[in-house]
Every structure is written in C-alpha cells, then in structure tokens.
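The primary structure of each chain is shown beneath.
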Amino acid sequence: MKKILFSMALLLLPIAAGAYDAKIDGIYYNLVKKAKIAEVVEGDEPYEGDVIIPSTITCDEIDYTVASISPYAFRNSGITSIIIHDGIETIESYAFMECKELVSVTLPQHLKTIGEGAFYGCSSLASISLPSSLTSIGGSAFYECTSLTSIVLPDEISEYGACVFCGCKNLVKVNIPKTMTTIPPGFFSACEKLESIVIPETVSEIGDGAFGGTGIKTMVIPETVTRLGSGVFNECIFLSDVHLPDNMTSIPYYFFQHCLSLTEIEIPRGVTEIGSGAFKGSAITAIDIPSNVTLIGEGAFQDCIHLQTISIPDGVEGIYPYTFQYCTSLTSIRLPESLVWLGHRAFYGCVGLEEITFPENMREVASWCFIGCTGLKTIVLPDPVYRIGRNAFQGCSNLVSVTLGSKIQNLEYGAFSDCKNLADFYCYTTTVPGKDVYAASFFEGSYINYATLHVPDFVLDDYRTTSPWSEFGKFEGITGVSIRDVILGEEQQDAPYYNLNGMRVAQPGKGLYIKDGRKVLVK
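Residues numbered from 1 in each chain as written. Predicted model: local features only at pLDDT ≥ 70, side-chain atom pairs only at ≥ 80, totals over all residues. Heavy atoms only, no water.

*Asks:* Run through the overall build of the protein chain, naming residues and quoting values.
*Replies:* Check the secondary structure of the protein chain and you find two helices and 41 strands. Among the 523 residues that make up the protein chain, the fraction classed as buried is 50%. Pairs at least 24 apart in sequence give 30% of the contacts found in the protein chain among residues at least 6 apart. (Helix = DSSP H or I, 4+ residues; strand = E, 2+ residues; numbered from the N terminus. Buried < 20%, exposed > 50% of the residue type's maximum accessible area, 1.4 Å probe, protein only. Contact = heavy atoms within 4.5 Å.)

Here it is as structure tokens:
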C-alpha cells in the first residue's frame, strides 16, 4: 500500500499549478533562455473558451519558439477549442486530460508525438485530424473520447501505446495503416459502434483485448499474424464470423468470451491448446476440436448454453475445472480413451446431459463434477476409478443406476446425495469403501432404503454391516466377479482376503487368495 501511495504522489508532482515563468495573452509558459524555447504549462487560473497557441512568443525582448505542451497543462479546464500553430512537436502526457467541453482541435503540421492520455476523457471531441508528420501516439491518448466518430491514422506512425481508442463508444470508422506491425493491447477496446475493420498483412501481432467489446461483426485475421493475445474478441457480442490463420497453434485465454452471436467457428488444424475461458459464454452450438489438441483449459466452454455436442480428441488427459459448467444444452459427449481425470465442476449444471461414456483409463471423478446433471439416468464408471470426489453426482435426480468398479477406494462427502430416483447401485470392490467420517453422507437424500445394492456375493455381509451401505433396502450378490490377474502380494491387512471358495480369511498365510477382485499369491 505504501508503494502505491508513493507512486500516486509522484504522479501528482508535475501537475501542481503556479510553476511558470511568463503569462502572455492568457497562456502560461516555462522559458529555457539558453535554447530560446518555451513550453506551455498550467497556470494560476484555469484555461477557458477558445485557445490559440502561437509558434513563437516574445518575452523581455527575447524571441522564443513554442516547442511543446507540458503534462497536464490544460487538464480539467473549460477550453472549447484549441489551435496549435507550427513549431510544437510534442503534446506531453495528459495535456488535455478531462477537457470535457473541448470540441475542436487543430494540430500543427509538424507534430511528432502525442503523449500518453493526451486527450484522455475529452468527451465532446467529435473529430481530429492527425498530421502526416506524426510518429508516436501514447497509450490511452484518446481514451473515452466518447463523441469521436472517425479518425485516420497516418502511415508514418511507428509507435503506438496500449488502449489508444479504448472507450470511444461512438467511433465507427478508423483505418489500420499498412505500416502497422502490432495492434497493441486494448487498442479499440469498448468501441461499441466499430462494426468492421481490415487488418493489413503487415500486422504480425495482436495484443490482449485489442478488439474487446467492439461492435465488430466479421473478422479475417491474416496469415501474417503469428502472435495473438488473450481476450482479443472478449465481449464482442455481435461477432458472428471469424477466419483464423492456419498457422495458429493455440486459442488464447478468453479469446471469444461472451461472443453472443458466434454460433460456429473452424479451428485451424494446427491448434494444440484451447486456453482457459476461450469460448466462455459464447453462442457456440457445436465445435470440431482438432485431433492435435492435448489441452483444454479451465472453463474453456463454461456457460455455453447453446452447445449441444462436442467431441474431445485422443491425447487430452484431463478435463480441467469448470470446462463445461452450465452447458445446459449439451446432451452427449465423447470422452477420449486418453482421459485420466475430470476436474471439479467440469460438468456442473449440465441439465441436458443424458449420456456420457467414460474411458477405460480414467482414475478419478473430482468434486462437484456432475452436480445437477438431471438428465443422467445411468452411470458406469470404469474399473480403474479409485476416487469419487465431494458431491460429485449430487442432485442427479433422474439417476436410476450406478456402477462402480473393483478399484474404488474413496467415496467422499455427498458423492451421490439427492439422487432421489436411484434404484440400483452396483459396486464391484471387495473392500467396503468409505469407512470414514463422511460415510453416512454418501447417499444423503437419495432414499436408498428403497434401492437395491449389488455387490460381490462373498462380501454381502460386509456391506450389510457397514454404514451407509447397510441402509439399502435390498441386497443382491453378484456372482462370477471378474478375477483378471494373478499378482504377488505381501502379508497385509489393509483389505480383506478370501480363499478360492469365497470364505474370508482373517490372517492369510502363504498361498493363493482373492483380494480386491484379483487373485493374489502370498509368499
């Protein structure tokens, strides 16, 4: 906090009024006598009305060239127009900041630099002509010039700051010069009425949020663009058609977030990553994810309420948190064989999801993963799944049948709570899972006293005597449980052993037994 306050104090130092050498025709100046140069500065009294800045002034019989306008010189003043004659090459930072009555600006023909925030918040400025001599425009130079409707950027400009036209909500026409190589971050952000713009092939980089919140409807990104920032089209609610360059390798973070008119898009085949929130809240209905994609970031399709179908390619090992949260129109999804884990809230609130097939290699289902997926009727988890996280299937009110494999070890708090129509629960593990403080809550609100528990027949008694499994209304034994391999085991008591006749053995000696649904050779 001290550092922030110190920085703010430094920012205020150059704007103190009263530091001037001369006042001539109502304008305050600092004078550099050796160089015979004058700088327009802020004075004792605020500037008002129409202002003309001359090329030269005379003070004490010495002629001075007016070379620049200092930082904050006219800030918050009541000027309505300003004419700047030739000689001035630099308008310093925030020179006309918050001049809300400024309507007309005439710039000198040899102006080279417009500093950062120079016309920041000049909300009445409707037009301005930039001279061909201009080479640099600082960041936020025209920030929230809300009356500005059009502007022409000269080809000679070689340096641009970020957010130059941010918040110019009535800007409808602007060019990108053919000499421009980088569109800086936030350059046109929140230009709500800017509906179209052509990106020349000289551009190789587009910064974060460059077009965020604009009214752009269509966009072609040329093949010359090799670097794209995050949120480039964030909040472009009218964007409906986008062409992405073939050389693109990733969809950056929040790239198309809240693009409410974007219903379809072709992702280049070379893309390997889809960043967090890339399509969050967009109008996408279906999407073909290229086979090279190996990473889909957190919340990439979150709140895509129109998304109906999606296929995830092999190579993706995990679904990150929130990826499909509240995709309420999603009815089915193909999960790749490469998938090992599902992150928390991955399918939270997907009320339309009716069918999901889990890959054989999957190991765990994270907390809150399928909360409120009321369309699900049947769940069959593959045998390697050992953990089902907290409230993973809570509120799946139409879930009728659940099947768990032989490796399940951890059922966490509320894993199948409020599954009110649960009728059949199959659990193939021979070690009763969930003997912990959360056990009683696995099936809370699921009326399991009216459901049937199906477990291997030789461990029926273990389930009947262990809460909450003992609360099931009916028990049925599963015969012919799959015994896949014979493996070597040590003498250990972390899970029950059974002989080959299905009788439980308290202290197994050397020999062949059944443990966790497998044959185990204890040496």
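*Asks:* For a negative patch on the surface, give the residues involved together with the corresponding values.
*Replies:* On the surface, a cluster of negative charge is contributed by Glu-201, Glu-223, Asp-246 and Glu-266. Residue placement: Asp-246 occurs in the loop between β19 (241-243) and β20 (250-251). (Patch = residues over 30% accessible without salt bridge, like charges linked within 9 Å, V, L, I, M, F, W, Y side chains within 5 Å. Areas by Shrake-Rupley, 256 points an atom, 1.4 Å probe, with all protein chains shown as cover. Salt bridge = Lys/Arg side-chain N within 4 Å of Asp/Glu carboxyl O. Lys, Arg positive; Asp, Glu negative; His and termini not counted. Charge placed at Lys NZ, Arg CZ, Asp CG, Glu CD.)

*Asks:* So what's going on with the packing of aromatic side chains? Which residues, and what values?
*Replies:* A full pass over the atoms with the stated rule returns 41 aromatic pairs. Measuring from ring centre to ring centre gives 5.0 Å for Phe-74 and Phe-96, while their planes differ by 10°; the resulting arrangement is stacked. A residue pair is termed long-range when its members are at least 10 positions apart, and Phe-74 in the loop between β6 (62-69) and β7 (78-84) and Phe-96 in the loop between β8 (90-91) and β9 (104-106) qualify at 22 residues. The residues Phe-74 and Phe-96 share a single accessibility class, namely buried. Arranged with centres 5.9 Å apart and planes meeting at 10°, the rings of Phe-211 and Phe-233 form a pair that is stacked. (Phe/Tyr/Trp six-rings, centres within 6.5 Å; stacked < 30°, edge-to-face > 60°.)

*Asks:* Can you lay out the pairing of β6 for me, pointing to particular residues and giving the numbers?
*Replies:* Pairing analysis gives four bridges linking strand β3 (residues 37-41) to β6, with the strands arranged parallel. In the strand pairing of β6, Val-40 is matched with Ile-69. As paired strands, strand β5 (residues 56-59) and β6 are joined by four bridges and run antiparallel to one another. Bridge assignment links Ile-57 to a residue of β6, and that residue is Tyr-64. Of the pairings in the sheet, the one linking β6 to β8 comprises two bridges and is parallel in character. Looking at β8, one finds that Ile-69 is bridged to Ile-91. (Pairing = 2+ DSSP bridges.)

*Asks:* Before we move on, can you summarise the sheet that holds strand β32 (residues 401-404) with the specific residues and values?
*Replies:* Spatially, β30-β32-β34-β35-β36 is the arrangement adopted by the five strands of the open sheet, whose pairing is parallel. Because the sheet does not close on itself, it has two edges, and the strands there are β30 (378-380) and β36 (474-478). Going from strand to strand, the sheet's axes swing by 15° on average, the running direction of each strand aside. (Axes fitted to C-alpha atoms, helices over the stretch in contact; angles between N-to-C directions.)

*Asks:* I'd like a description of a nonpolar patch on the surface, backed by residues and values.
*Replies:* A contiguous nonpolar patch, built from Ile-237, Phe-238 and Leu-260 and spanning about 270 Å² of accessible area, is present on the exposed surface. Judged by its relative accessible area of 43%, Phe-238 is partly exposed.

*Asks:* Outline the nonpolar core, supporting the account with residue identities and numerical values.
*Replies:* Counting 152 residues, the largest nonpolar core has Phe-96, Phe-119, Phe-142, Phe-301, Phe-347 and Phe-370 as the members making the most contacts within it. Of all the elements, strand β2 (residues 27-32) adds the most residues to this core, at four residues. Those residues in contact with Phe-301 that lie beyond four places of it in its chain are Ile-274, Phe-279, Ile-287, Ile-289, Ile-296, Leu-307, Ile-310, Thr-323, Phe-324 and Cys-327. (Core = buried A, V, L, I, M, F, W, Y, C linked by side-chain atoms within 4.5 Å.)

*Asks:* Outline unusual backbone geometry, supporting the account with residue identities and numerical values.
*Replies:* Between Ser-467 and Pro-468 the backbone carries a cis peptide bond, its omega angle lying at 5°. With respect to the secondary-structure elements, Pro-468 resides in the loop between α2 (460-464) and β36. Although it is not a glycine, His-258 adopts a positive phi angle of roughly 60°. In this fold, His-258 is placed in the loop between β20 and β21 (273-274). With relative accessibility at 26%, the residue His-258 sits in the partly exposed group.

*Asks:* Account for the side chain of Glu-42, with residues named and values stated.
*Replies:* Turning to its location among the elements, Glu-42 is positioned in the loop between β3 and β4 (48-53). For Glu-42, the side chain forms a polar contact with the side chain of Arg-75, separated by 3.3 Å. (Polar contact = N/O pair within 3.5 Å; in protein donor to acceptor, adjacent residues only side chain to side chain.)

*Asks:* Before we move on, could you go through the pattern of salt bridges and cite the residues and values that matter?
*Replies:* One pass over the structure, following the stated rule, counts eleven salt bridges. Note that Glu-42 and Arg-75 form a salt bridge whose closest N and O atoms lie 3.3 Å from each other. Note that Glu-42 is positioned in the loop between β3 and β4 and Arg-75 in the loop between β6 and β7, a separation of 33 residues in sequence. Residue classification places Glu-42 among the buried residues on the basis of a relative accessible area of 17%. Between Lys-474 and Glu-476 there is a salt bridge, with its nearest N and O atoms 3.5 Å apart.

*Asks:* Explain the environment of Leu-107 to me, and be specific about the residues and the numbers.
*Replies:* Topologically, Leu-107 is positioned in the loop between β9 and β10 (113-114). With 25 residues separating them along the chain, Leu-107 and Ile-82 place their C-alpha atoms 8.5 Å apart. Setting aside chain neighbours within four positions, we find Leu-107 in contact with Ile-84, Ile-91, Ile-114, Phe-119, Ile-128, Ser-129, Leu-130 and Pro-131.

*Asks:* For the confidence of the model for the protein chain, give the residues involved together with the corresponding values.
*Replies:* This prediction gives the protein chain a mean pLDDT of 90; 88% of its residues lie at or above 70. Taken together, the stretch residues 1-17 has pLDDT below 50 and engages in nine contacts with residues farther than four places along the chain or on a different chain. (pLDDT = per-residue confidence, 0-100.)

*Asks:* Talk me through the sheet that holds strand β33 (residues 410-411); I want residue IDs and the actual numbers.
*Replies:* Reading across from one edge, β25-β27-β29-β31-β33 is the order of the five strands in this open sheet, with parallel pairing throughout. A strand with exactly one partner marks an edge of an open sheet, and here the two such strands are β25 (318-319) and β33. Across two bridges, β25 lies against strand β27 (residues 341-342) in parallel orientation. In the strand pairing of β27, Gly-318 is matched with Trp-341.

*Asks:* Summarise the environment of Val-340; cite the residues concerned and give the values.
*Replies:* Looking at the element boundaries, Val-340 is found in the loop between β26 (332-334) and β27. For Val-340, a relative accessible area of 27% gives the class partly exposed. A C-alpha to C-alpha distance of 5.3 Å links Val-340 and Glu-317, two positions 23 residues apart in sequence. Not counting the four nearest positions on each side in its chain, Val-340 is found in contact with Glu-317, Asn-361, Met-362, Arg-363 and Glu-364.

*Asks:* Just give me the short version of the state of the cysteines, but keep the residues and values in it.
*Replies:* Considering all chains together, one arrives at zero disulfides under this definition. As a non-bridged cysteine, Cys-166 has Cys-163 as the owner of its nearest cysteine sulfur, 4.8 Å distant. Residue Cys-166 is classed as buried on the basis of its relative accessible area of 11%. Here Cys-369 is not cross-linked by a disulfide; its sulfur's nearest cysteine counterpart is in Cys-373, at 7.9 Å. (Disulfide = S-S within 2.5 Å.)

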